[in-house]
Amino acid sequence: MKPGIHPEYRPVVFRDRAADFAFLTRSTATGDRTVEWEDGTTYPVVDVEISSASHPFYTRTQRVLDTAGRVERFERRYGHGRGER
């Protein structure tokens, strides 16, 4: 690696405020704020909007879309069924 062109790789806390979940990992991301972690050390914190604790795929709370209703509405609007032109 070329010296001086890569960002600093260091421990950072990523915090999902919606789910009250945080995890410590290494990253090049930077944050303006800091937080004291469980080990008593202060780390930079990056707030994220979604994480594995709040994403519907991981929490198994996905909503099922009403695709049949959308198809029926489309057919009513344009006056033909599937396969017809």
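Summary of the structure given here. Model, not experiment: these values are computed from the prediction.

Here we look at the pattern of salt bridges
Turning to step 1, where the next piece is worked out: Counting across every chain of the model gives four salt bridges.
Turning to step 2, where the next piece is worked out: The shortest N-O distance in the salt bridge between Arg 17 and Asp 47 comes to 3.9 Å. Pair noted here: Arg 17 is in the loop between strand S1 (10-16) and strand S2 (21-27) and Asp 47 is in strand S4 (residues 42-48), with a separation of 30 residues, a long-range link.
Turning to step 3, where the next piece is worked out: You can call Arg 17 exposed: its relative accessible area is 57%.
Turning to step 4, where the next piece is worked out: With a closest N to O distance of 2.8 Å, Arg 33 and Asp 47 form a salt bridge. Within this pair, whereas Arg 33 is found in strand S3 (residues 33-36), its partner Asp 47 is found in strand S4, the two being separated by 14 residues in sequence.
Turning to step 5, where the next piece is worked out: Here the residues in one salt-bridge network are Arg 15, Arg 17, Arg 33 and Asp 47, joined through shared partners.

Digging into the packing of aromatic side chains
Turning to step 1, where the next piece is worked out: In the structure shown here, the tally under the stated rule is two aromatic pairs.
Turning to step 2, where the next piece is worked out: Between Phe 14 and Phe 23, the aromatic rings sit 5.7 Å apart at their centres with planes inclined by 20°, giving stacked as the arrangement.
Turning to step 3, where the next piece is worked out: On the basis of relative accessibility, which here comes to 33%, the residue Phe 23 falls in the partly exposed class.
Turning to step 4, where the next piece is worked out: Ring geometry for Phe 21 against Phe 23: centres 5.9 Å apart, planes inclined by 40°, an arrangement best described as tilted.
Turning to step 5, where the next piece is worked out: Through pairs of rings, three or more aromatic residues link up here, namely Phe 14, Phe 21 and Phe 23.

Some remarks on the sheet that holds S4
Turning to step 1, where the next piece is worked out: The strand order S2-S1-S4-S3 describes an open sheet built from four strands, whose pairing is mixed. Each end of this open sheet is capped by a strand with a single partner; those strands are S2 and S3. Each strand axis lies, on average, 45° off the axis of its neighbour in the sheet, ignoring direction.
Turning to step 2, where the next piece is worked out: Summarising the sheet, S3 and S4 pair through four bridges and their orientation is antiparallel. Looking at the pairing, Thr 34 lines up with Pro 44 of S4.

Things to note about the pairing of S1
Turning to step 1, where the next piece is worked out: Burial runs high along S1: five of the seven residues are buried.
Turning to step 2, where the next piece is worked out: Pairing of S1 with S2 involves seven bridges; the strand directions are antiparallel. Paired with Pro 11 across the strands is Arg 26, a residue of S2.
Turning to step 3, where the next piece is worked out: Of the pairings in the sheet, the one linking S1 to S4 comprises four bridges and is parallel in character.

Cut-offs and rules
- Along every chain, residues carry numbers that run from 1 in the direction the sequence is written.
- At least 70 in pLDDT is required for a residue's local features to be given in this predicted model, at least 80 for side-chain atom pairs to be given and counted, and no such filter applies to totals for whole chains, interfaces and linings, which use all residues.
- Hydrogens and water molecules were not included; the side-chain quantities draw on all heavy atoms of the structure.
- Salt bridges are defined by distance alone: a side-chain nitrogen of Lys or Arg within 4 Å of a carboxyl oxygen of Asp or Glu.
- Numbering goes from the N terminus for both helices and strands, where a helix is a DSSP run of H or I of at least four residues and a strand is a run of E of at least two.
- For the exposure calls, accessible area comes from a 1.4 Å probe over protein chains only, and a residue counts as buried if that area is under 20% of its type's maximum, exposed if over 50%, partly exposed in between.
- Whether two aromatic rings pair depends on their centres lying within 6.5 Å, for rings of Phe, Tyr and Trp, where Trp uses its six-membered ring; planes under 30 degrees apart make the pair stacked, over 60 edge-to-face, and the rest tilted.
- Paired strands are those between which DSSP finds at least two bridges.
- Here, axes are lines fitted to C-alpha atoms. For helices the fit covers the stretch in contact, and angles between N-to-C directions go from 0 to 180 degrees.

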